[in-house]
Amino acid sequence: GAGVSQSPSNKVTEKGKDVELRCDPISGHTALYWYRQSLGQGLEFLIYFQGNSAPDKSGLPSDRFSAERTGGSVSTLTIQRTQQEDSAVYLCASSLLIQETQYFGPGTRLLVL
Amino acid sequence: AQSVTQLGSHVSVSEGALVLLRCNYSSSVPPYLFWYVQYPNQGLQLLLKYTSAATLVKGINGFEAEFKKSETSFHLTKPSAHMSDAAEYFCAVSDQRGGYNKLIFGAGTRLAVHP
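All figures in this text were calculated on a predicted structure; none of them were measured in a lab. (Residues numbered from 1 in each chain as written. Chains lettered and ligands numbered in written order. Predicted model: local features only at pLDDT ≥ 70, side-chain atom pairs only at ≥ 80, totals over all residues. Heavy atoms only, no water.)

Even after reading the chapter, I still don't get the pattern of salt bridges, so can you show me in this structure?
In a structure, side chains of opposite charge can pair up when their charged atoms sit close to one another. Residues and elements named next belong to chain B. Following the criterion strictly, the structure yields six salt bridges over all chains and no others. Between Glu64 and Lys58 there is a salt bridge, and its shortest N-O distance comes to 2.7 Å. Given the relative accessible area of 22%, Glu64 is considered partly exposed. A residue is classified by how much of its surface remains accessible, and Lys58, at 60% relative accessible area, is exposed. Residue Arg110 is joined to Glu88 by a salt bridge in which the shortest nitrogen-to-oxygen separation is 2.9 Å. Of this pair, Arg110 sits in strand 11 (residues 109-114) while Glu88 sits in strand 9 (residues 87-95), and the two are 22 residues apart along the sequence. (Salt bridge = Lys/Arg side-chain N within 4 Å of Asp/Glu carboxyl O. Buried < 20%, exposed > 50% of the residue type's maximum accessible area, 1.4 Å probe, protein only. Helix = DSSP H or I, 4+ residues; strand = E, 2+ residues; numbered from the N terminus.)

Here it is, written out as structure tokens:
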């Protein structure tokens, strides 16, 4: 079956521009997670969704970062006024239930020039 | 707070040799532990997980890991390395205080396999 998909796979943007990253979880998965993988910080948790609500936003690094999930399915991570330190791979994962195994997408590689 | 330490950012083995990737964790509650593998330009793939059942956990591709509470370790092993095992491996502990699996990852170990 189809796994977690993310788009775009690569994104190059200029400092100060806004970007939107999309995640399509596995169909029927209720929980959705965003992580960031960067050279300096490794793999770090950003935000978690249960359905359309986000009980834990503690990992978002600044108020320039926001995320939403609609219809209990697709999620969008938005970064406003991008900075060079935002350059990283953004990974999305989903799980059937909140304590089940997380399945990861291929990631979006973001480069801020 | 939970944390994970992976000893050795790079490990190199010969094809056919034993693979041993080390992971130590810190957790104030009984942990859920995971090993994920990442191939170049791909996402993370679950190799195996420990969720308080058997302490010796068998995963995919011939990998296994043993949970040792006394040593707070969860080392990953494979008896005989294949060239296709070359990848980056991440150990993770689950912070379940919020009632869900918030994964805390180690820094990763890059495994190289040479002929």
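Help me understand the state of the cysteines in this model?
By definition, a disulfide is the covalent link that joins the sulfur atoms of two cysteine residues. Tallied over the full model, the rule gives two disulfides over all chains. Two residues share a disulfide in this structure: Cys23 of chain A and Cys92 of chain A, whose sulfurs sit 1.9 Å from each other. One quick way to see it: the torsion about the S-S bond of Cys23 of chain A and Cys92 of chain A is about -65 degrees, and its sign makes the bridge left-handed. One end of the pair, Cys23 of chain A, is in strand 3 (residues 19-24); the other, Cys92 of chain A, is in strand 9 (residues 88-95), with 69 residues separating them in the sequence. Here Cys23 of chain B engages in a disulfide with Cys91 of chain B; their sulfurs sit 2.0 Å apart. Taking the torsion about the sulfur-sulfur bond, which here is approximately -65 degrees, the covalent link between Cys23 of chain B and Cys91 of chain B counts as left-handed. On the criterion of sequence distance, the pair formed by Cys23 of chain B in strand 3 (residues 19-26) and Cys91 of chain B in strand 9 is long-range, its members being 68 residues apart. (Disulfide = S-S within 2.5 Å.)

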